[in-house]
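Topology and contacts: notes
The lines below spell out each chain.
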Amino acid sequence: MTVHSFKESFGFSVLHNSENWRVALHAYEESVNGISALKNWGIHVDSEEAFALLEGRAVLVTKNSGKRPECCIMEKGRLYVVNAGERHGIGLFPGSSVLIMENRDMSRFCQEPIEEEIRF
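In short, a report on the structure. (Residues numbered from 1 in each chain as written. Predicted model: local features only at pLDDT ≥ 70, side-chain atom pairs only at ≥ 80, totals over all residues. Heavy atoms only, no water.)

Tallied over the full model, the rule gives zero aromatic pairs. When the ring centre of Phe-93 is taken as origin, the NZ or CZ atom of Arg-57, which lies over that ring, is 4.1 Å away. (Phe/Tyr/Trp six-rings, centres within 6.5 Å; stacked < 30°, edge-to-face > 60°. Lys NZ or Arg CZ within 6 Å of the ring centre and 35° of its normal.)

Take a look at the structure:
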């Protein structure tokens, strides 16, 4: 068994790599994942990505092509799965952390700017 500690983590940290997937942590750091840092959509072209709120408050914003963005205030005890190809962004408030489960191969991940009229 491997045990990872993330009590003192800030920003984005990979906690565990496996053959095809990885577990990472977003722990609040204003310039990395604070609400004001949410300027780009992340897109996993052919894989899903899952998020779970561990502590604090966070928002998950998603957008499918041609549709209006949807904003979700995350709740503890829920798993949020973003579909392959779906634009998404996450913003954290001070003292917050989110667990991320995603494809380890990030070669099919890209970013697009979030339209200015919907930036936070």
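Quick look at the nonpolar core now. Phe-51, Ala-58, Leu-60, Met-74, Ile-90, Leu-92 and Val-98 are the most contacted members of the largest nonpolar core, which has 13 residues in total. Looking at this core, the elements that each hand over two or more residues are strand 4 (49-55), strand 5 (58-63), strand 7 (79-82), strand 8 (87-92) and strand 9 (97-103). (Core = buried A, V, L, I, M, F, W, Y, C linked by side-chain atoms within 4.5 Å. Buried < 20%, exposed > 50% of the residue type's maximum accessible area, 1.4 Å probe, protein only. Helix = DSSP H or I, 4+ residues; strand = E, 2+ residues; numbered from the N terminus.)

Time to look at the pattern of salt bridges. In total, this model carries five salt bridges according to the counting rule given. For Glu-102, the salt bridge goes to Arg-22, with nearest N and O atoms at 2.7 Å. Remark: Arg-22 occurs in strand 2 (residues 21-27) and Glu-102 occurs in strand 9; sequence separation between them is 80 residues. For the pair formed by Glu-102 and Arg-22, the shared burial category is buried. (Salt bridge = Lys/Arg side-chain N within 4 Å of Asp/Glu carboxyl O.)

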